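Below, each chain spelled out in residue letters.
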Amino acid sequence: MGRALQPGLMTAPPFIDARGITKRYGPITALDDVSFELRPGEVHALLGHNGAGKSTLVKILSGLVRPVSGTLTMAGEEVTLRTPQQAQQHGVALVDQELSLVPALTVEENILLGNVESPFLQRPGGSRAATREILDGLGLRHVAPSTHVRDLAIGERQLIEIARALSRDARVLILDEPTATLSDTEIEHVFRAVRQVVAQGRSVIYVSHRLGEVLELCDRASIFRDGRHVETRAVSELDRRGLIELMLGDVPEPSQRDGLHEDAGEVATVTIRNLSVPPRVQGFDLTARGGQIIALAGQIGSGASEVLRALAGLVPDAQGDVSINGKDVRLGSPRRCVDAGTVYASGDRKGEGLFLGHSVQLNLVATRLPALTRWGLVRRGAAASVARQLIDVIGMDRKRMRTPVVSLSGGNQQKVFLGRCLEQHAAELLLLEEPTRGVDVGGRMEIHDLVRVAAAHGNAVIFASTELDEVLDLADTIVTMHAGRVVRTLPRRLATSAEILGDMTHGNSESRAGVAA
Amino acid sequence: MSSVALKDPRRTRELARTSAPFLILALMLVAFYVLPQLSGREATVFNVFNSMQNFAALGLVALALGLTMIAGEFDLSVVGMYGLGSMLAVMTGKDSALLGLGIALLAGLFVGLVQGTIIAKLRINSMPVTLGGYLLLLGLTATIGHDDSQSYPNLSVGSSLDSVVAQIFSLRSLVAVGVFVVVTLAMRYTRLGRDIRAIGGDRRASRTAGVPVDRMLIGVFALSSVLSALAGALIAYSLATATPDPGLAPLIFAITAVLLGGVTLAGGQGAALAIAAGAITLSLLQELFSILGTPTYVSSLITGGLLVLVTIIAAPDLKQWWRTVRTRRGGPTASAASVGSSPAATVTGER
Amino acid sequence: MTAIALRVNQLLDRRSLPVAQLLLRVITAAFAAILVIGALTTEGFLSVDNVKAILGSTAFVGIIAVGITVIMLSGNLFSLSLGTTTAVCAMLFLFALQAGIVVAIVATVALGAVLGAAQGLLIGSIGANAIIVTIGAGALQEGGAVWASGGSAVFPPKNAPGMSFLADTILGVPFAVYVLVVLAVAGEYLMRRTRFGREIYLMGENKRAARAAALPIVALTAGAFAVAGACAAIAGVLIGAFNQNASLLVSGTFTYDAIAAALVGGSVVTGGRGSIARTVAGAVVIATISDLLLLRGYSTGVQILVKGAVVLVVVVLLHINQREGER
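If you're wondering where the values come from, they're calculated on a predicted model, not measured in any experiment.

A few words on the overall build of chain C. Secondary structure assignment for chain C yields 14 helices and two strands. The buried share of chain C, taken over its 327 residues, is 56%. When the accessible surface of chain C is summed, it comes to about 12,900 Å², and 69% of that surface belongs to carbon and sulfur atoms.

Residues and elements named next belong to chain C. Between the first and last C-alpha of helix α11 (residues 217-243) there are 39 Å, a value that for 27 residues agrees with the 39 Å anticipated at 1.5 Å per step. A large share of α11 lies buried, amounting to 21 of its 27 residues. Just past α11, the residue Gln244 takes up positive phi, approximately 65 degrees.

Attention now moves to the side chain of Asn363 of chain A. All names here are of chain A. For Asn363, the location among the structural elements is in helix α12 (residues 360-365). Residue classification places Asn363 among the buried residues on the basis of a relative accessible area of 0%. Polar side-chain contacts of Asn363 include one of 3.3 Å to the backbone oxygen of His358. Setting aside anything within four residues of it in sequence, one finds Asn363 in contact with Leu354, Phe355, His358, Val405, Val416 and Arg420.

Bringing the packing of aromatic side chains into the picture now. Residue and element names in this part refer to chain C. Scanning the entire structure with this criterion turns up five aromatic pairs over all chains. Residues Phe60 and Phe242 carry aromatic rings whose centres are separated by 6.0 Å and whose planes lie at 65 degrees to one another, so their mutual orientation is edge-to-face. Of this pair, Phe60 sits in helix α3 (residues 48-73) while Phe242 sits in helix α11, and the two are 182 residues apart along the sequence.

Opposite the 47 residues of chain B that make contact, chain C presents 49 residues. Where chain B meets chain C, there are zero salt bridges. Viewed at the interface, chain C and chain B are joined by nine residue pairs in polar contact (both at pLDDT 80 or more). Elements that contribute at least two residues to the side of chain B that touches chain C include exactly α4 (97-122), α5 (126-144), α11 (249-260), α13 (296-314) and α14 (318-338) of chain B. If you tally residues by element for the side of chain B that touches chain C, the top one is α5 of chain B, at 14 residues.

What follows concerns empty space enclosed by the protein. Summed over the entire model, instances satisfying the criterion amount to five cavities of 30 Å³ or more. Quantified by volume, the largest cavity comes out at close to 110 Å³. Taken together, 14 residues make up the lining of the largest cavity; nearest its centre are Pro84, Leu94 and Arg168 of chain A together with Thr208 and Ala209 of chain B. Secondary-structure elements contributing two or more residues to the lining of the largest cavity are α2 (84-89) and β6 (92-95) of chain A together with α9 (203-209) of chain B. Its residues placed into classes, the lining of the largest cavity shows seven nonpolar, five polar and two charged.

Turning next to the interface of chain A and chain C. In this assembly, 27 residues from chain A lie in contact with 22 residues from chain C. Summed over both partners, the interface of chain A with chain C comes to about 2,300 Å²; 60% of that surface belongs to carbon and sulfur atoms. Viewed at the interface, chain C and chain A are joined by two salt bridges. With a closest N to O distance of 3.2 Å, Arg208 of chain C and Asp348 of chain A form a salt bridge. Summed over the shared surface of chain A and chain C, the number is 10 residue pairs in polar contact (both at pLDDT 80 or more). Counting only elements with at least two residues in the side of chain A that touches chain C, the list comes to α10 (334-340), α11 (349-352) and β18 (377-378) of chain A. Across the side of chain A that touches chain C, the residue classes tally to 14 nonpolar, seven polar and six charged.

Moving on, we come to a nonpolar patch on the surface. Residue and element names in this part refer to chain B. Residues Val30, Tyr33, Val34, Leu35 and Leu38 make up a contiguous nonpolar surface patch of roughly 490 Å² in combined accessible area. When you line up the elements, Leu38 lands in helix α1 (residues 3-38). With a relative accessible area of 68%, Leu38 lands in the exposed category.

Before going further, it helps to spend a moment on the side chain of Arg202 of chain A. All names here are of chain A. With respect to the helices, strands and loops of the structure, Arg202 is situated in the loop between α6 (184-199) and β8 (203-207). A residue is classified by how much of its surface remains accessible, and Arg202, at 15% relative accessible area, is buried. In terms of polar contacts, Arg202 uses its side chain to reach the backbone carbonyl oxygen of Ala170, at 3.0 Å. A polar atom in the side chain of Arg202 sits 2.4 Å from the side chain of Gln200. Ignoring sequence-local partners within four residues, the contact set of Arg202 consists of Pro40, Gly41, Glu42, Asp169, Ala170, Arg171 and Val197.

Let's shift gears to the pattern of salt bridges. One pass over the structure, following the stated rule, counts 30 salt bridges over all chains. Between Glu42 of chain A and Arg220 of chain A there is a salt bridge whose closest N-O contact spans 2.8 Å. Here Glu42 of chain A, found in the loop between β2 (28-38) and β3 (43-47), pairs with Arg220 of chain A, found in strand β9 (residues 220-225); they are 178 residues apart in sequence, far enough to count as distant. Note on accessibility: Glu42 of chain A and Arg220 of chain A belong to one class, buried. A salt bridge links Asp162 of chain B to Arg172 of chain B; its shortest N-O distance comes to 3.0 Å.

For any two helices packed against each other, one specifies the crossing angle of their axes together with the interaxial distance. Axis separation between α13 of chain B and helix α6 (residues 130-149) of chain C bottoms out at 8 Å; the angle between their running directions is 155 degrees. When the axis of α13 of chain B is compared with that of α6 of chain C, the two are roughly antiparallel. α6 of chain C is crossed by α13 of chain B, and the crossing has left-handed handedness. In this structure, α13 of chain B contributes Tyr297, Ser300, Leu301, Gly304, Gly305, Leu307, Val308 and Thr311 of chain B to the contact, and α6 of chain C contributes Ile132, Val133, Ile135, Gly136, Ala137, Ala139, Leu140, Glu142, Gly143, Gly144, Val146 and Trp147 of chain C. Residue classes in the contact of α13 of chain B with α6 of chain C are distributed as 12 nonpolar, seven polar and one charged.

Moving on, we get to the pairing of strand β10 (residues 228-234) of chain A. Residues and elements named next belong to chain A. For β9 and β10, the ladder comprises six bridges, and the chain directions are antiparallel. Paired with Arg220 across the two strands is Ala234, which belongs to β10. Connecting β9 to the antiparallel partner β10 that follows it, the hairpin turn spans two residues, and Asp226 within it adopts a positive phi of roughly 50 degrees.

The strands that make up a sheet are held in pairs by hydrogen bonds between backbone atoms, and each pair lies either parallel or antiparallel. Residues and elements named next belong to chain A. Ordered by their spatial adjacency, six strands build an open sheet running β16-β19-β20-β13-β21-β22, and the pairing between neighbours is mixed. Of all strands in the sheet, those bounded by a partner on one side alone are β16 (342-345) and β22 (485-491). Pairs of neighbouring strands in the sheet enclose a mean axial angle of 15 degrees, with direction left out of account. Where strand β19 (residues 429-433) lies against strand β20 (residues 460-465), five bridges are found, and the strand directions are parallel. Its bridge partner lying in β20, Leu430 is registered against Val461.

Parameters at a glance
Residues numbered from 1 in each chain as written. Chains lettered and ligands numbered in written order. Predicted model: local features only at pLDDT ≥ 70, side-chain atom pairs only at ≥ 80, totals over all residues. Heavy atoms only, no water. Helix = DSSP H or I, 4+ residues; strand = E, 2+ residues; numbered from the N terminus. Buried < 20%, exposed > 50% of the residue type's maximum accessible area, 1.4 Å probe, protein only. Areas by Shrake-Rupley, 256 points an atom, 1.4 Å probe, with all protein chains shown as cover. Expected span 1.5 Å × (residues − 1). Polar contact = N/O pair within 3.5 Å; in protein donor to acceptor, adjacent residues only side chain to side chain. Contact = heavy atoms within 4.5 Å. Phe/Tyr/Trp six-rings, centres within 6.5 Å; stacked < 30°, edge-to-face > 60°. Salt bridge = Lys/Arg side-chain N within 4 Å of Asp/Glu carboxyl O. 1 Å grid on protein atoms, 1.4 Å probe; cavity = no way out; pocket = protein on both sides within 12 Å on 5 of 7 lines; lining within 4 Å. Points joined across faces, edges and corners; volume = space filled by probe spheres on them. Nonpolar A, V, L, I, M, F, W, Y, C, P; charged D, E, K, R; others polar. Buried area = accessible area lost by both parts, 1.4 Å probe. Patch = residues over 30% accessible without salt bridge, like charges linked within 9 Å, V, L, I, M, F, W, Y side chains within 5 Å. Axes fitted to C-alpha atoms, helices over the stretch in contact; angles between N-to-C directions. Parallel < 35°, antiparallel > 145°, perpendicular 65-115°, else oblique. Left-handed = near helix turned anticlockwise from the far one by under 90°. Pairing = 2+ DSSP bridges.

Put into structure tokens, the structure is as follows:
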């Protein structure tokens, strides 16, 4: 299935040669002594789960982060990349997973933005012909270069991001999950562009979860797991099965649990009908019962997080019939949703979750001050005892009660955050977005146990995750989502990792040959 | 749901947004001509000249502040530099006005570079930094001026700066117009305009895309201070005096003009020409007050009200707030309507 | 310039972080040394009378600064119209005295709170920028005050009942100082022990998280500005009673002095960290510096200059220190 290797590809000296690269973020080692080489004229896939280290390697190669140790050679010359501009000067162009477009600028301005070779003097519309050509090549015939990026759909934005990288005539084009938000036709355009690039002897690094794309497009694949480089193989030697095995490693399929929990009195019932969250999600239906843990499994842009935010009242435009314990909830205001019994834990723990500078205690009781207040005064004894209960629930040392949250590890921060969300009142709807993002393996298991206990107490849990392992490990019902729609809903015991991965990365396993089946 | 179908209303909205400052200016011009006649007075060409004189001083301060706002920051120290610029020009330019002007501009450059470096390199909020900067400059101005107004002996400098050119301009207002033209051209025809709007629109994305963010920020703050110093020096020569504390009026003018010019506090949007339109609109308004003999407190009320009004219109959460209010106020009917045809849409409306 | 940039880059570099800490200590120590040396070598500085004078001049600014601290803690930067509010309230107080001292005080404090709350509502509900709204509101208040007073200063009615105690000294210390102490203690209690105070701290630390956690953002913001307005009104009452007349000129440098006190006290301008007690300390430090400069014969200009420099240095150093703490 893989492309026939070009003659001389295997013998040409590598354009990028990275040796012994290590990068740590706080206590987490994102890359551990990784080596990687990229030859001219090849499409090189980087494969692995979220957190495997692909994106970190990409960021190092494009000058966005600096490794702790290791050497980087480009075109035979040892280089240190301090800034994106320096990477650009060495011929690297990046299409970041998080888009780096400025919505307030036009398409043309965004394509020129940050190009170190862009001349000082510019004529508005001066590079319109060249821009037009690149846009047409990507199937963006209908997009005028003078359109503002904020007016484009998410898939179109992704293509503009790719157009910018193409416009730079780089020797190495890095595409980090370029197709997560694209339709089939749009993907074909991207493929054609990539093939053109390598036909000119330039190279492409292709990061993707989508195995079908890798098999179809790439020459070689490097597989990463837990920050380590597992193996680099010619794609022609591999098939889907083999790739999945390399990605998953020899981790056994997580034990399958019974969907039902012991009942603990009151049980939440949640029905969601016809939920729409502009601009992406439409017609979302779901029923959840206390004791149930439901995963919304999907990549960034699938709509899973948006559903949770809407249910938390954080999207003013969201509409739908939602009822919790028989009571209808009008969305659009966090206050109303909290009163109705929802508790939301954002995936952006630092930005939208914790009050970093404040103590563990204050963070734990932050959302329940009204209940702990008499005559406007916070009852200190009551607050302290609630905090003590919660810190015991999350299994942290009581001595840490007064520590500012900012000084805790990522795992402990997440536990404090979830602790705040637990046991607010009985029988509620817990909405957890990426519950273990940035948490190491040990912390992850503890957090999963917390969630299970919460469910066992009669809460309904809906969590959104982009991580396959987490979905399989924690959920008893899995709802796969893609491009704003539910692909399918199935009980955990009927799900296989390959199926879920296929749904998450491509929406529909039948529509496209070559997707993991 | 392709973008083709939606393109036209977007274009229209965009056009409305970018042309609003000029429409407001046009309305102002009509009012400037009509309103005095209603009360038996008349707006003369000299009144227009006066407006442009006001524009010459405060328009530049507006441009200075506006550039930092387009870049997503806020330079509170513009008034401080405006004051220091005028004091330096008066105190050091006694022998040669050009020397005084040069010293004022150099001081502006230095102040801007220091503030910009602190803000860019330390990634620190520009409000407290420039507030500190403002106090410092204010103190420096008063110290240099011995806590008192200082007069400039060479009156001929002022009269030649203010002599009428082409009926409505003076040398001073032509300098301001020239600066606006240069900045407009630079914003349109060089990389700089795009980069400034980019770092205001999305700092992280700009950095990833390869924009030299820190250098741009430092440059914007340097330019802001230089422009403020220029405005201060020119007005000082014109009035042949410099005060130890210009007060907050220039800042109020500048903010209102910038917001009238369509620059948002979120950054990433705005053009020098539109800021000029905003500043001219305000200058005309102030001149209109004096033609009509409006009491100061009325003009103060109108100026303050105008500032609050444009701030409300430019507020980032206005739309969102309105939507929330609408759903809340709507009660059962609105929410039933909002979920459309769904038969299950019965809401108890307990609130 | 590049040398400075390089230096700052080094400061930001993880490996040379201790340098930043060292710098912080060095500057703090140098500052303390200057103060001590200045104090020892300045004639008349270390006298009981001078200490009383410092306390007296701290009082008005301190009372306004207590209010501005609540705004700062709530994450809404600062208000640039509190000085004007103080002046407007002083005018209303002297005018309202004809209805009796109690009525006058209550009406004045209510006016301050309402003026503040109105601005806070606007800021909290639609996310309008606090600085700009307060500048505009300042102009509105000035216009309103001139309109209502006819542009002249307000004097108390001839036989003003029982307001002399407001301007008295008790045990040689002005009444206003006692008011400041009571307000600071009450404010600390409000911020530490009540739900309102705790939620202000939380909102100031992280507004997005507060929204996601369904804290009442609009009410908290309006409340914070109302408290600030009320503090400004109390200062207005005292100043009106002290001066026996009031006009817009009263506002003077109060706005900036109060902000400077809060910043020098170490409250973080972006919210959530700091305290009223620290602000009062900041106000004392600033009053001490001003007093020292005054005794040594420096002009008002130099005093403002030094205040600005101290604010700038404290803001930058606190920022560096805070970033270090978060690593």
